[in-house]
Amino acid sequence: MDLSKLAKKNHYEHIIEQIKELILSGGLAPGDKLPSTKELSEQFGVGRSTTREALSALKAMGLIDIRQGGNCTVKSTSLPSPTLLPDLQPLLANRQTILELLEVRKSLEVSHVAIAAVKRDEQDLLLLEQILTEMSQHMGNEEVGESTDLRFHSTLARSTHNSIMVQLFETIASQLELVIRETRRVEIYANQAVSQQFYEEHRAIFQALKDQDAHLAQARMKDHLQHVEGILLRYLQA
């Protein structure tokens, strides 16, 4: 595989884009086996946990299968069409639409953490820990803040080990990213105090997940999403 080493560490998005491009362009065909996690990590110049996170995302997109032992094979050479929700971008100015979207998110994610608290494995915890470390190292950087926040929640969805829940969240996530951007993303993530509080809330969710305390994980997720919702609604009313 013709892959280029990354200029910066922890940019798992670059790994996704390179492998995705190879698959979508026909450089890899269904059934083709990817190099091992160790080999990919060496080619990209990143840690294995970063590579695993990227591969998990590619699996959620429906492009690869990850089999027991970590072996990855190409599943499809095209991305599935998002059919679960209509395109909400033209409706982002509609306050009611955003409120409904936030309600759906809360319903999904509170369910996610309860299931993930029971079904998460050591690799899930490793990926979440890595994201939290990156989050803490880039406090106040709005671009990294948005990226790590979304990755944390998408990794939580994958930690349910329920493919339908992952698909539901991935559909919602793309719309949530637009909502956050439209509601003054910089004001939310560039503020050091807000970034610190968000980090602590994510850390509390992670700890409950690690302790396999489903009820506490749900309570921590509710607290976090209510905080985010409060910030978004404040700007919607401005």
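Since the model is a prediction, treat every value here as computed from it, not as a measurement.

1. Describing the side chain of Glu201
- Of note, Glu201 is situated in helix H9 (residues 192-210).
- One buried charge, Glu201, has no salt-bridge partner; the nearest side chain with opposite charge is Arg105, at 9.4 Å.
- Among the polar contacts made by the side chain of Glu201, one reaches the side chain of His227 at a distance of 2.8 Å.
- With sequence-adjacent residues up to four places away left out, Glu201 is seen in contact with His224 and His227.

2. Describing the pattern of salt bridges
- This structure, assessed with the given rule, holds 7 salt bridges.
- Glu17 is paired through a salt bridge with Lys20; the nearest N and O atoms lie 3.3 Å apart. With a gap of 3 residues between them, Glu17 and Lys20 both fall in helix H1 (residues 12-24), about one helical turn apart.
- For Lys20, a relative accessible area of 16% puts it in the buried group.

3. Points about helix H5 (residues 122-137)
- Given a rise of 1.5 Å per residue, 16 residues ought to cover 22 Å, and the 23 Å separating the end C-alpha atoms of H5 matches this to within 8%.
- Within H5, burial applies to Asp124, Leu125, Leu127, Leu128, Gln130, Ile131, Leu132, Glu134 and Met135.
- Its side-chain oxygen at 3.2 Å from the backbone nitrogen of Gln123, Asp121 defines the N-terminal cap of H5.

4. Looking at the nonpolar core
- Counting residues in hydrophobic clusters, the biggest one holds 20 residues, and the most contacted among them are Phe152, Leu156 and Met221.
- When residues of this core are traced back to their parent elements, those giving at least two are helix H4 (95-119), H5, helix H6 (142-158), H9 and helix H10 (214-236).
- Those residues in contact with Met221, other than ones at most four positions away along the chain, are Glu109, Val110, Val113, His153, Leu156 and Ile205.

5. Observations regarding the side chain of Ser41
- Take Ser41: it is sitting in helix H2 (residues 37-44).
- In this structure, Ser41 is in contact with Val46, Gly47, Arg48 and Thr51, ignoring residues within four places of it in sequence.

6. Some words on the environment of Glu103
- Mapped onto the elements of the fold, Glu103 is located in helix H4.
- Residue classification places Glu103 among the exposed residues on the basis of a relative accessible area of 57%.
- When the C-alpha atoms of Glu103 and Glu229 are compared, they prove to be 9.5 Å apart, with 126 residues separating the residues in sequence.

7. Structural notes on H2
- Within H2, burial applies to Thr37, Leu40, Ser41 and Phe44. Along H2, the residues classed as buried sweep out an arc of 100° about the axis, all on the same side.
- At the C-terminal side of H2, Gly45 shows a positive phi close to 75°.

8. Thoughts on unusual backbone geometry
- Phi at His161 is positive, roughly 55°, even though this residue is not glycine.
- Classification of His161 as partly exposed rests on a relative accessible area of 41%.
- With a phi angle near 55°, Gln212 is a residue other than glycine that sits in the positive phi range.
- Note that Gln212 resides in the loop between H9 and H10.
- Its relative accessible area of 45% is what places Gln212 among the partly exposed residues.

9. Some thoughts on the environment of His202
- Along the chain, His202 falls in helix H9.
- In sequence terms His202 and Phe152 are 50 residues apart; their C-alpha atoms lie 8.0 Å from each other.
- Beyond its immediate stretch of four places on either side in the chain, His202 contacts Leu132, Met135, Asp149, Phe152, His153 and His224.
- A distance of 3.3 Å separates a polar atom in the side chain of His202 from a polar atom in the side chain of Asp149.
- Within the local environment of His202, its side chain forms a polar contact with the side chain of His153, the two groups lying 3.1 Å apart.

10. Side note on the environment of Leu225
- By the secondary structure assignment, Leu225 is in helix H10.
- Taking C-alpha positions, Leu225 is 9.9 Å from Phe198, a pair spaced 27 residues apart along the chain.
- Discounting residues that sit within four places of it in the chain, Leu225 has contacts with Arg105, Lys106 and Glu109.

11. As for the confidence of the model for the protein chain
- Of all residues in the protein chain, 77% attain a pLDDT of 70 or more, and the chain-wide mean is 80.
- Counted against residues more than four places away or in other chains, residues 82-92, with its pLDDT under 50, gives 16 contacts.

Rules used in this analysis
Residues numbered from 1 in each chain as written. Predicted model: local features only at pLDDT ≥ 70, side-chain atom pairs only at ≥ 80, totals over all residues. Heavy atoms only, no water. Helix = DSSP H or I, 4+ residues; strand = E, 2+ residues; numbered from the N terminus. Buried < 20%, exposed > 50% of the residue type's maximum accessible area, 1.4 Å probe, protein only. Lys, Arg positive; Asp, Glu negative; His and termini not counted. Salt bridge = Lys/Arg side-chain N within 4 Å of Asp/Glu carboxyl O. Polar contact = N/O pair within 3.5 Å; in protein donor to acceptor, adjacent residues only side chain to side chain. Contact = heavy atoms within 4.5 Å. Expected span 1.5 Å × (residues − 1). Core = buried A, V, L, I, M, F, W, Y, C linked by side-chain atoms within 4.5 Å. Arc of directions from axis to C-beta. pLDDT = per-residue confidence, 0-100.

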